[in-house]
Each structure stands twice: as structure tokens, then as C-alpha cells.
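A look at the structure
Each chain, letter by letter, is given below.
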Amino acid sequence: MPTAGDGPRVQRLAHPDDTVRTRALRLPRGRPVLAVLGPVEALGTDLAAAVLPVLRAVLADVARSDSVVVTAGADIGVTHLVGLAVESLEGRRPRLVGVAPSGRVAAGDTEPGEDEVRLDANHDTAVLVPGSRWGEEVPALFRVVDAVAGTKRPVLALLVGGGAVARAALVDHLGRDRPLLVLAGTGGLADEVAFGGLGEDDDLAVLVRSGRVAVVHLDEGADRVVAVLRRVLADRPGAKLHAPAPPPPVWPRLRFRAPEPHPVVDPGYVLDYPLLADAIHEANQVVAPVLHECEVAALRARERARLLVVLAIGAGFATTVFAALQVWLGAEPWPGVLLAVSGAVAAVLAVVARNGEDPDVRARAEQLRALYFDHLAAPPAADDAERDERARDLATAVARYRHEPVSRA
């Protein structure tokens, strides 16, 4: 793998419709693929600064799964950020493959001409397709994806912003019944898909509505993006974006470890209801952290109660053993003493365990969860003023459920 700055190995297709052969183009084969789609023009400084940490986390996880990242290859827009992110990784880096029209990029040491940009130096391979306009490379890009992934490996597209070129790529991707992850809050096509801005008669709107699309807002952080990424790339093609809930544990954990925060609404469900994206984002920002805090407190109390029950059972078993010893040994006094002590300990533990769980904390968690879904069920706000008022009311309700006494009525 070339080091940063060496530049990609350039491979050229003689014709835009040429068959892509992995061996001839020196491409890997039989690997999961992440196709990063986005704008082919520079991103704003603030947006780039917010997107870069997400891409860094995504690429680090992609490297661990031995996946291949396919981009537009040019040192501009979201592809430039992909290059910066992979350059900053320590240790293993993912394989980067760029596909671009030959008339819009300058390969090797050639100086870029008018309307040309350099290839990103952190890519390993650049496949150049005959053409002078962005978008002409899209069919070849997906032939590269097909050649690398084959028929047994999953393919996920990550949409960051985007315009007309990304739209064409998205139609091709969703038309193949492949999953899409939309990074909302990045503007352009990503926000149109996330917030229901596509026209009713738009072919892309039909594909989005019927396809497997997950929406994660940029403000929700890299962990949410990586969660969806892992579910897709670690499974076979056709895998659902929603992971099944694990069965509840039976035995208590001797050393309690608070679970990681998880979304109340899985990112994959937002795709079916894009108009709820704003409400879900607000609920995740205001309600979800306090809900997680209450759930952790309730779980800690439940684990403590379980441990006391196990200890009470152990003390009861010891009582039975000492009773048997007392009968066997007859006149010996010490089994009777231990019998009395273990019986008393078992009784005390049973009483304490019965009151071990904290019903108030559990009730607060249930109230906050109901508040979360009540917020989603409310009709959309008519304007920004109403949206701000709802946000204030939501924060007030969260504070009330968090601090006020729980009603026993």
C-alpha cells in the first residue's frame, strides 16, 4: 500500500463501457465495499470540520473489517476529506479506490489544467474513465464496486451532501437494492433525502421510500454512523439495518458496567419516515441522555437486587447443610450456631432483596420514554417559532420528570 503522498496507482479504461477486471486493474476482490458519495466541489470550512471526525471513525472501522472504500478519487469535496481522514489514521488503513473521468483530473506529476483537479494522494488506486464531465464515471464506478464486492460481499453507500452527480449515483445504487446511509445535516442531496425534500414524482424519492435507507444526523456523532456501518458490512448482502435486541441476562454481573448509550429509535427506521427526522433529532438531543441516565440507575438497582437474591439462595442452601450436619453430629453445638447464623442471614438478604430495586427510577425512565414518543407523535411545527417553543417545552418536561417526585397514584 502506498504511503501518504506517493499518489495512487493509475489504471485507465479504454472505453467507458469496458468490463472491469480486478486482476487487470490490480484491484482487491471479494471484499465488503463502502462507496462514499458527495459533492465534487469544496465543502465549507465549518461543515468540513464537523464531517472529518465522522469520516475518521468510519474509515478506522472499515479498516478493521478489511473493507474497500470507493470514491470519486479527486482531491476535492468529500473525497478530499476521505484522504485527510485516512492520512490521520494510526496503524491499519483501508484500501481506497477512486473512479473519475479522465478529462477532469490530472494524473501523476501532470499539472492540473483548466477545470481539472489532482487525484487525492492518499488513494491506492485511481481508475480513470474516458470522459470530460463529472457523472460520466458513475456507471464505471459501480462496475468497480461490483467487481470488488462480487456476489457474496455487502455494499453500503454513505451520502454526505451531494448534488446532481451524487443523485445519479444514488439512483444506480438503490436500484440494485443496496443499503444507503445518509449523513443528515450536511446539506445538498443528503438533507433532501433525510428531511423529505424530494418531489413526489421523483424516481429517487420512490427508490428511497422502498429501499433500505438509514439516516443519522451529523450532530448525533460518529458512533451512530459506525453502528449502522458495522451491521451492514459485517453481514451478508440483504442484511437488515436493524439489529435484534439481545435476550436479557439471567445472572447478575459481579462488576457492574454501565451500558453504552444507544438510540431509542434505530437510525434505520428514520428512512421510512423522513418527516420525523427533525423530531427524532430533537428527542435524541434532549430526552435520550436523561433517559439513558435513568435506565442505567434502574439497571444498577436491578443488578444489586439480583445479587442479593443469589446470596439469599446461597445462605438458604447453607442453612440446609448446617441443619443436616446438626442431625448427623447430634450433640455437637457448632452446626446449630452456624445454622442460626445462616438462617438469619438468609432472612435478612431476602427482605433487603425484595426492596432492592428502585421503582422511582424505573418509573422516571418509563415516563421519559413515553415523552420521547409523544414528541415524535406530535404534528410537525408550522414555523421556526413553534419549533423553538416545542423545544423549550420538551426541555421543561424532561427536567420535571427528572427531578420532581414520582406520583404513586
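These numbers were taken from a predicted model, which means no experiment stands behind them.

Of regular secondary structure, the protein chain possesses 13 helices and ten strands. For the protein chain, the residues scored as buried account for 44% of the 409 residues in total. Considering only contacts within the protein chain whose residues lie at least 6 apart along the sequence, 80% involve residues at least 24 apart. Total accessible area on the protein chain is roughly 21000 Å²; 55% of this is exposed by carbon and sulfur atoms.

Let us look at the packing of helix H2 (residues 45-64) against helix H3 (residues 77-87). The interhelical angle for the contact between H2 and H3, taken along N-to-C directions, is 55 degrees, at an axis separation of 9 Å. Considering the angle they form, H2 stands oblique to H3. Once H2 is placed against H3, the crossing between them reads as right-handed. Judged by residue contacts, Ala48, Val51, Leu52, Leu55, Arg56 and Leu59 of H2 engage Val78, Leu81, Val82, Leu84, Ala85 and Val86 from H3. Residue composition of the contact of H2 with H3, by class: eleven nonpolar, no polar and one charged.

Following the sequence through the fold, Ala378 ends up in the loop between helix H12 (359-377) and helix H13 (384-403). On the accessibility criterion, Ala378 (31% relative accessible area) is partly exposed. Ala378 sits twelve residues away from Arg390 along the chain, and the two C-alpha atoms are 9.9 Å apart.

Following the UniProt record, the feature "transmembrane region" (unreviewed entry) maps to residues 307-328 and 334-353 here. In residues 307-328, helix accounts for 100% and strand for 0%; the two terminal C-alpha atoms are 32 Å from one another.

We now examine the pairing of strand E10 (residues 213-217). By the criterion of burial, E10 is predominantly enclosed, with five of the five residues buried. Here E10 shows a buried face lined by Val213, Val215 and His217 and a second buried face lined by Ala214 and Val216.

This next bit is on the pattern of salt bridges. Summed over all chains, the structure comprises 15 salt bridges. Asp66 serves as the salt-bridge partner of Arg92, at 2.9 Å between the closest nitrogen and oxygen. A residue pair is termed long-range when its members are at least 10 positions apart, and Arg92 in the loop between H3 and strand E4 (95-101) and Asp66 in the loop between H2 and strand E3 (68-71) qualify at 26 residues. Looking at Arg92, the relative accessible area reads 52%, which means it is exposed.

Another aspect to go through is the packing of helix H10 (residues 288-329) against helix H11 (residues 334-354). As a packed pair, H10 and H11 sit with axes 8 Å apart at the nearest point and diverge in direction by 160 degrees. It follows that H10 is roughly antiparallel to H11 by the angle criterion. Like other packed secondary-structure pairs, H10 and H11 cross with a definite hand, here left-handed. Of the residues contributing to the contact of H10 with H11, the split by class is 21 nonpolar, six polar and no charged.

This part is about a nonpolar patch on the surface. A contiguous nonpolar surface patch, about 440 Å² in accessible area, is contributed by Trp328, Leu329, Trp334 and Leu338. Looking at the nonpolar patch, the elements that each hand over two or more residues are H10 and H11. Note that Leu329 resides in helix H10. Judged by its relative accessible area of 31%, Leu329 falls in the partly exposed class.

Glancing now at the nonpolar core. Counting residues in hydrophobic clusters, the biggest one holds 41 residues, and the most contacted among them are Leu159 and Leu170. With nine residues, the top contributor of residues to this core is helix H4 (residues 138-149). If we skip the residues at most four places from it in the chain, Leu170 touches Leu37, Leu159, Gly175, Leu180, Leu189, Val193 and Leu204. The next biggest cluster of nonpolar side chains, apart from the first, holds 32 residues, and it includes Val78, Leu158, Leu218 and Val228.

Time to look at H4. Over its twelve residues, H4 extends 17 Å from the first C-alpha to the last, a length consistent with the 16 Å expected when each residue adds 1.5 Å. Of all twelve residues that make up H4, nine are buried, and the element is covered over most of its length. Taken together, the buried positions of H4 are Val138, Ala140, Leu141, Phe142, Val144, Val145, Ala147, Val148 and Ala149. Gly150 sits one or two positions beyond H4 and adopts a positive phi of about 70 degrees.

A word on the pairing of strand E2 (residues 33-37). Looking along a regular strand, one sees side chains alternate from face to face of the sheet. In terms of residue burial, E2 counts as a mostly covered element, since five of its five residues are buried. The alternating pattern of E2 places Val33, Ala35 and Leu37 and Leu34 and Val36 on opposite faces, both of which are buried. Pairing between E2 and E3: three bridges, direction parallel. Bridging across to E3, Ala35 finds its partner in Val70. Handedness of the β-α-β unit built from E2, H2 and E3 comes out right-handed. Where E2 and strand E8 (residues 155-160) come together, five bridges link them in parallel fashion. The residue bridging Ala35 from the neighbouring strand is Ala157, located in E8.

About the cut-offs
- Residues numbered from 1 in each chain as written.
- Predicted model: local features only at pLDDT ≥ 70, side-chain atom pairs only at ≥ 80, totals over all residues.
- Heavy atoms only, no water.
- Helix = DSSP H or I, 4+ residues; strand = E, 2+ residues; numbered from the N terminus.
- Buried < 20%, exposed > 50% of the residue type's maximum accessible area, 1.4 Å probe, protein only.
- Contact = heavy atoms within 4.5 Å.
- Areas by Shrake-Rupley, 256 points an atom, 1.4 Å probe, with all protein chains shown as cover.
- Axes fitted to C-alpha atoms, helices over the stretch in contact; angles between N-to-C directions.
- Parallel < 35°, antiparallel > 145°, perpendicular 65-115°, else oblique.
- Left-handed = near helix turned anticlockwise from the far one by under 90°.
- Nonpolar A, V, L, I, M, F, W, Y, C, P; charged D, E, K, R; others polar.
- UniProt positions renumbered as here; feature names shortened; annotations may be inferred.
- Salt bridge = Lys/Arg side-chain N within 4 Å of Asp/Glu carboxyl O.
- Patch = residues over 30% accessible without salt bridge, like charges linked within 9 Å, V, L, I, M, F, W, Y side chains within 5 Å.
- Core = buried A, V, L, I, M, F, W, Y, C linked by side-chain atoms within 4.5 Å.
- Expected span 1.5 Å × (residues − 1).
- Pairing = 2+ DSSP bridges.
- Right-handed = clockwise from strand over helix to strand, strands pointing away.

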